[in-house]
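Structure assessment
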Amino acid sequence: MTELTIEALGAGGDGIARQGGKAVFLPGTLPGEQVRARLLGKRGDALLAEAEAVLAPSPDRVAPPCPHFATCGGCVVQHLADAPYAAWKRARLVEALSRAGFPGAPVGPLERTPPMTRRRADLALRRGPGGAVLVGFHGRGSDAVTDLSTCLVLDPRIVALFEPLRGLLRRLAALKREGSAVVNLLETGPDLLLRTDGVLDAPARSLLAAFATEHGIPRIAWAQNNGLPETAAQQGPVSLRLVGVPVAPPPGAFLQASPAGEAAIVAAVLAGLPAKLPPRAAIADLFAGLGTLSFPLATRARVTAFEGVTESVAALSAAAGKAGAKVQAVRRDLDRQPLIAKELQAYAAVVLDPPFSGAAAQVPLLARSSVPRIIYVSCNPAALARDAQVLAQGGYKVLAAAPVDQFLWSPHLESVVVFAR
């Protein structure tokens, strides 16, 4: 047991102290606090510890509002008051751009997402003793599943499915031990993708169909482990509108986490375009997904939307065709086949919204291109810092940066950064 003083709040939401010249990470602590801690072991080159007691609490400490805060890994900073929380979130973008070579970059105020508005959940499933099923999120740094009774981040319509799901899964032999449930809240209702470690037989499909009817779920898809999903029960169409364009997402499709977050990202992207585009200008939307950004961009210019997931390309293309939108969907794995400089010459602006790992293959080619405007939508400040450094070396400057708090009370941060030469 040792006493430590917390010096800073790290990128993952842990308090950071120092002992013997090494950083010590302490979950659940805040800067300025004096704590009695128990060392648990190493975390990379640093140490990990557990605070046994907070001897001198920070004035910024508040009571976490969620009863699952101590065990659930979804929210890590509910114990931090709102104003310093918002400042810490915004600072993550400031620091990322500074590391990339853009100190003093124009970073706007944090765009906030209200509680209980997240429309997507990736829930862990685990069968316990006696056949009971746990439904919830993994614990922080653990494979333990926190069985949730509530969630202050998710839309209440998703939370309302927790208990019915437990009842369904208790009877579903296809869930032997482990699985997951992805719930996307669409305009047509909840869209459910179940992954189980056993096979779904005919009686189980009937069970899913009855569950879908009872709970107003238009579609339930299923896959064994990491296999391709198939529709197990369909009661009606599925649809999501993107700036008025109806799109039928494939099962488990990626959506921006909340309507407010999506609106903030779209607004920042559109604001980042040049004020005047040539009459026949074209925009490239890289890692386009279902067209969350493609369709808004198409109100300003012709758009070529590049996406690697076949099902998403098909959904985007079908929606664009029915709506008559100026969007051409192209299937392309940008990690393996990024756009080269000659291809990029065709575009007045490039928008990219890469996955958590960033766009390491594409960004060096963008940095060497003649594209006058690049708008980077990021969900990972560390990957953004790495990619932005490459753009800095290519002569790009930051015109604007918008931090978006889509992932409330977590260390994750969305951001939109506008680069120009």
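As a starting point, this report considers the structure included with it.

Reading the values: the criteria
Residues numbered from 1 in each chain as written. Predicted model: local features only at pLDDT ≥ 70, side-chain atom pairs only at ≥ 80, totals over all residues. Heavy atoms only, no water. Helix = DSSP H or I, 4+ residues; strand = E, 2+ residues; numbered from the N terminus. Rg over C-alpha atoms; globule rule 2.2 N^0.38 Å. Buried < 20%, exposed > 50% of the residue type's maximum accessible area, 1.4 Å probe, protein only. Contact = heavy atoms within 4.5 Å. 1 Å grid on protein atoms, 1.4 Å probe; cavity = no way out; pocket = protein on both sides within 12 Å on 5 of 7 lines; lining within 4 Å. Points joined across faces, edges and corners; volume = space filled by probe spheres on them. Nonpolar A, V, L, I, M, F, W, Y, C, P; charged D, E, K, R; others polar. Expected span 1.5 Å × (residues − 1). Pairing = 2+ DSSP bridges. Axes fitted to C-alpha atoms, helices over the stretch in contact; angles between N-to-C directions. Parallel < 35°, antiparallel > 145°, perpendicular 65-115°, else oblique. Left-handed = near helix turned anticlockwise from the far one by under 90°.

Brief notes about the overall build of the protein
The secondary structure content of the protein amounts to 10 helices and 22 strands. For the protein, the C-alpha radius of gyration of 23 Å lies close to 22 Å, the compact-globule estimate for 421 residues. Each of the three principal axes of the protein carries a C-alpha extent, and together these read 65 × 60 × 35 Å. Here the protein, with 421 residues, has 53% of them falling under the buried criterion. Taking the intrachain contacts of the protein between residues at least 6 apart in sequence as the baseline, contacts between residues at least 24 apart amount to 61%.

Structural notes on unusual backbone geometry
The phi dihedral of Asn-225 falls on the positive side, at around 50 degrees, and the residue is not glycine. Examined against the element boundaries, Asn-225 turns out to sit in the loop between strand E12 (219–224) and strand E13 (230–234).

Some remarks on the layout of surface pockets
Quantified by volume, the second largest pocket comes out at close to 330 Å³. As for the second largest pocket, its lining consists of 13 residues, and the residues nearest its centre are Pro-27, Phe-69, Ala-70, Cys-72 and Arg-140. Looking at the lining of the second largest pocket residue by residue, the classes come out as 7 nonpolar, 4 polar and 2 charged.

Considering the environment of Gly-13
In this structure, Gly-13 sits in the loop between strand E2 (8–9) and strand E3 (15–19). Since its relative accessible area comes to 0%, Gly-13 is described here as buried. Between the C-alpha atoms of Gly-13 and Ala-209, which are 196 residues apart in sequence, the distance is 42 Å. Among residues more than four places away in sequence, those in contact with Gly-13 are Val-76, Val-77, Trp-88, Arg-140 and Pro-411.

So, helix H1 (residues 82–99)
Compared with the 26 Å implied by 1.5 Å per residue over 18 residues, the 26 Å span of H1 between its first and last C-alpha is a close match. Every buried residue belonging to H1 is among Tyr-85, Ala-86, Trp-88, Lys-89, Arg-92, Leu-93, Ala-96 and Leu-97, and all of these are buried. Check the buried side of H1 and you find it contacts E2, helix H10 (381–393), strand E21 (397–404) and strand E22 (414–420). Immediately downstream of H1, the backbone of Gly-101 shows phi near 105 degrees, a positive value.

Thoughts on the sheet that holds strand E11 (residues 189–196)
Pairing within the open sheet is mixed, and its 7 strands lie in the order E9-E8-E7-E10-E11-E12-E13. The strands lining the two open edges of the sheet, one partner per strand, are strand E9 (145–147) and E13. Across the sheet, the mean angle from the axis of one strand to that of its neighbour is 35 degrees, orientation sign disregarded. For E11 and E12, the ladder comprises 6 bridges, and the chain directions are parallel.

Concerning the packing of H1 against H10
Packing of H1 against H10 leaves a shortest axis separation of 8 Å and a crossing angle of 30 degrees. As far as their axial angle goes, H10 and H1 are roughly parallel. Along this stretch, H1 crosses H10, giving a crossing that reads as right-handed. In this structure, H1 uses Arg-92, Leu-93, Ala-96 and Arg-99 to contact H10, whose residues at the interface are Pro-381, Ala-382, Leu-384, Ala-385 and Gln-389. Its residues placed into classes, the contact of H1 with H10 shows 6 nonpolar, 1 polar and 2 charged.

Considering the sheet that holds strand E17 (residues 302–307)
Hydrogen bonds along the backbone pair up the strands of a sheet, which may run parallel or antiparallel. Sheet architecture is open: 7 strands sit in the order E18-E17-E16-E19-E20-E22-E21, paired in mixed fashion. Each having just a single partner strand, strand E18 (327–331) and E21 make up the two edges of the open sheet. Adjacent strand axes in the sheet meet at a mean angle of 15 degrees, parallel and antiparallel pairs treated alike. Across 7 bridges, the pairing between E21 and E22 is antiparallel. Of the residues in E22, the one forming a bridge with Val-398 is Phe-419. Together, E17 and E18 form the strand contacts of helix H7 (residues 310–323), whose direction differs from that of E18 by roughly 165 degrees. Helix-sheet contacts for H10 involve strand E20 (373–378) and E22, and the interaxial angle to E20 is about 165 degrees.

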